[in-house]
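Below, each chain spelled out in residue letters.
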There are 2 protein chains.
Amino acid sequence: MPTPTLRTLAKELGLSRTTLSDALRGSPRVKAETVERVRAAAKAAGYERNPLTGAVMSQLRRSRGQQFRGVLAVLEIVGDSHTALAARYNDSLMAGISSRANDLGFKVERFVVGAQGLTLQRLDTILHTRGIQGLILLPAVGFPDLTELSWSRYTAVYADYFIDHPPLHCVCSDHYRSMIALLHELHARGYRRPGLIMEISLDERLQFRWEGAFLAQQKYLADITVVPALQLREITREAFQAWFRKYNPDVVLGHFPEAMDWMRACGAKLPKTHAFVCLNSLRTSGDCATLDFQTPLLGGRACELVIGQLLHNEFGVPSQPSLTTIPARLIEGPTLRAAKAGAAKAAR
Amino acid sequence: MPTPTLRTLAKELGLSRTTLSDALRGSPRVKAETVERVRAAAKAAGYERNPLTGAVMSQLRRSRGQQFRGVLAVLEIVGDSHTALAARYNDSLMAGISSRANDLGFKVERFVVGAQGLTLQRLDTILHTRGIQGLILLPAVGFPDLTELSWSRYTAVYADYFIDHPPLHCVCSDHYRSMIALLHELHARGYRRPGLIMEISLDERLQFRWEGAFLAQQKYLADITVVPALQLREITREAFQAWFRKYNPDVVLGHFPEAMDWMRACGAKLPKTHAFVCLNSLRTSGDCATLDFQTPLLGGRACELVIGQLLHNEFGVPSQPSLTTIPARLIEGPTLRAAKAGAAKAAR
DNA sequence: TGCAAATAACGGACGGTCCGAATTCCCGAG
DNA sequence: CTCGGGAATTCGGACCGTCCGTTATTTGCA
């Protein structure tokens, strides 16, 4: 007896091959009762669907044909505050998302949710009527709650460290590793007294990854003089200069470019006697060394994740959320000694 | 302009789709000159053939559908040492890999590389002749170098924190977040003097993520009494007991279950007066609270990554490697007070 | 020149998918 | 009871890249 195929099995059951295919794949287009009947018959006949063949066929069928295969929704959750920095960050993510989505044959639409935008109920119905199933959530201040969406219809990725309501896959920069790599690089360039300044609120939402990496690495790099991190609710000029004069770090890491002026006011020459590295390139204007979070890459990765799940027909909240990260890249600048020739090595 | 297909391209060239297909695959059925012409035209039109699609179609035609699966190679890189623990870890990863691969229509084959196994050159030819393109690398001791494989043919994922030769996507447990979540949970259960014991070599390959998270969290949890971490090349009974007596931590976190006996020898009652949490469930035998790395899930995620890239026809070393992580899960045990009713909350 | 053999290209069929069209079902209004 | 319209189901057509048998063209040689 030859191995059964979709078509032979369909003939036996008096259904079309399409219905069989959809039923075995669990498509909502087929009535639940029919799905049961088909699955039982398939099992009896010893028919097993080949998921690899299915995936390939799906790809094939999808990609040719039209220009676009679907639409992704990018959700921007706006609360009461809404800084210019966050806007730059989000725009930069969007650029990566749009570009990668376009490569993979998807279009992107942006929706604003929250205080000044749509309610979740309204969004739910809009997405439903438009048939949009893939969601990318831009970073939101605080800990957003999106449990009210009908998640069984969607597959989503959050572009920040974590989200608990509901727990979704996340894509974010790897702050821990970036800090480790940066300290290694500074060490290789001869710096021995690295100092960190940080507003607590900035590190808190990262679960203190900046400081955690800094503290751990201080202990294990050779010949390091330990400079305690300056962590405050708010970094002021006075607090900074007191700290700077007391510990005299040879390289300062922090978010605020103003610190360069404060250092110079204390008599520091950049990069001759001291160095400064800004921890977020979006805060600078090209006048200092800084870390580039490569947000377009992050956006691209988020796209790949969502689209991958769409292609596998996986919807709903994942059973175990995962976190995908990309390390930041060091951008050279006039506030940092160049790498010694030969010792030059890209940050890991 | 729609993406070209075999048929449209064939019409343009005035040839049949069969000839195109054969030519692109380099079949001897087609005249060499025609092959050249076809390949040039395909390149000009931006047509790229997908080898996985080809393989699936081929097997489909040849063997009447069923029983065809794609193949992934799992590489085990064995150096001189080879502990039982590593073997358990790898087997557990394998279980997750096999299961997820099977769901997605792939088979898995395991290859041993290194000192007691295949040379890289030999592996390269084996993979080539077998037509295997997807690779999953199991964790190796030290920092393995696999640059000698012909990477343009493969797409791969490394199941550990990082690999630099070459830089590949990685999948690994999220030690930093696991530690943060664990400390939060312990804090919620009333523990205020957490202590960490760690062999330096174990944390070093994690870039000190255990200790980094521990140090950072000690600073920012409320009402914590700081107990310095016991970090040694080797943890001995004497060193441990001296540390334990001096600082009297109310909960000890570490890799070695022997520590429980040492604590008891100092008069501690588990879980009445003190608690112990093992940081790696594979080291325990069910007699204490511990962290489960959920290795099968990690393996599954690695599969999804590799297969996703195969389906998208993406080979070679990625331009920017990413790291995908999953947090560990706390397993309750008789060495830890239960969560207070109401305050119970799954670890993030 | 005649004709078999070798060479080159073609057309049909295939399995599983997507998409739009067709059919059936349901339910309230007239 | 009939009709209309919209939702729920099912169906048919078109499609992908491959294999394999067939057709058309050229070559080899008596």
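Just above, that's the structure.
Residues numbered from 1 in each chain as written. Chains lettered and ligands numbered in written order. Predicted model: local features only at pLDDT ≥ 70, side-chain atom pairs only at ≥ 80, totals over all residues. Heavy atoms only, no water.

## Examining the protein's contact with DNA strand C
How we decide: One heavy atom within 4 Å of a molecule or strand makes the whole residue count as near it. Polar contacts, as counted here, are pairs of nitrogen or oxygen atoms within 3.5 Å of one another; within protein the pair requires one atom able to donate a hydrogen and one able to accept it, and residues that are adjacent in sequence qualify only if both atoms are side-chain atoms.
Taken together, 28 residues lie near DNA strand C, and S21, R29 and M57 of chain A together with R17 and R61 of chain B sit nearest. Counting only atoms of DNA strand C within 4 Å of the protein, the sugar-phosphate share comes to 48%. Between R7 of chain A and DNA strand C, the recorded distance is 2.7 Å, taken from a side-chain N or O atom to a base nitrogen. S58 of chain A is positioned such that a nitrogen or oxygen atom in its side chain is 3.0 Å from a phosphate oxygen of DNA strand C.

## Quick look at the interface of chain B and chain A
Size of an interface, as often reported, equals the accessible area lost when the parts are brought together. Spelled out, the test is: Only heavy atoms enter the contact rule, under which two residues are in contact if any of them lie within 4.5 Å. Joining two parts hides part of their accessible area as seen by a 1.4 Å probe, and the buried area is that hidden amount summed over both. Salt bridge criterion: a side-chain nitrogen from Lys or Arg within 4 Å of a carboxyl oxygen from Asp or Glu. Helix and strand assignments follow DSSP, with helices taken as H or I runs no shorter than four residues and strands as E runs no shorter than two, numbered in order from the N terminus.
Listed as interface residues are 58 residues of chain B and, on the opposing side, 54 residues of chain A. Both sides of the chain B and chain A interface together cover about 4,900 Å² of buried area, and 54% of this is carbon and sulfur. The interface formed by chain B and chain A includes five salt bridges. Ionic pairing is found between K219 of chain B and E211 of chain A, a salt bridge with its closest N-O pair at 2.4 Å. Listed by contribution, the elements that provide at least two residues to the side of chain B that touches chain A are α4 (51-62), α5 (84-103), α7 (175-188), α9 (209-220), α12 (295-311) and β11 (323-326) of chain B.

## Quick look at the packing of aromatic side chains
Centre distance and the angle of the planes are the two values used to describe a pair of aromatic rings. So the rule is basically this: Two rings from Phe, Tyr or Trp (for Trp, the six-membered ring) form a pair when their centres sit within 6.5 Å of each other. Planes less than 30 degrees apart are called stacked, planes more than 60 degrees apart edge-to-face, and all others tilted. Put simply, a charge is over a ring when the Lys NZ or the Arg CZ is close to the ring centre, within 6 Å, and near the line of the ring normal, within 35 degrees.
Counted under the stated rule, the structure contains 15 aromatic pairs over all chains. Directly above the aromatic system of Y191 of chain B lies the positively charged group of R337 of chain B, at a separation of 4.2 Å from the ring centroid.

## Topic: the protein's contact with DNA strand D
As a reminder of what qualifies: Three residue categories are used. Nonpolar comprises Ala, Val, Leu, Ile, Met, Phe, Trp, Tyr, Cys and Pro, charged comprises Asp, Glu, Lys and Arg, and polar comprises the others, including Gly.
Around DNA strand D lies a shell of 29 residues, among which R17 of chain A together with R7, S21, R29 and R61 of chain B are the nearest. Taking all atoms of DNA strand D within 4 Å of the protein, the share assigned to sugar and phosphate is 52%. Note that a phosphate oxygen of DNA strand D is positioned 3.0 Å from one of the backbone N or O atoms of S16 of chain A. Separating a phosphate oxygen of DNA strand D from a side-chain N or O atom of T5 of chain B is a distance of 3.2 Å. Where the surface near DNA strand D is concerned, the elements lending two or more residues are α2 (17-25) and α4 (51-63) of chain A together with α1 (6-13), α2 (17-25) and α4 of chain B. The biggest single contributor to the surface near DNA strand D is α4 of chain B, with five residues. For the surface near DNA strand D, the per-class residue count stands at seven nonpolar, 10 polar and 12 charged.

## Remarks on the pairing of strand β5 (residues 169-173) of chain A
Residues and elements named next belong to chain A. Counted only if it meets this: Using a 1.4 Å probe on the protein chains alone, a residue whose accessible area is under 20% of its type maximum counts as buried, one over 50% counts as exposed, and one in between counts as partly exposed. At least two DSSP bridges between two strands are required for those strands to pair.
Burial runs high along β5: five of the five residues are buried. Of the two faces of β5, the one holding H169, V171 and S173 and the one holding C170 and C172 are both buried throughout. In the sheet, β5 pairs with strand β11 (residues 323-326) via four bridges, with the strands oriented parallel. Residue C170 lies in a different strand from β11, and its bridge partner there is L323.

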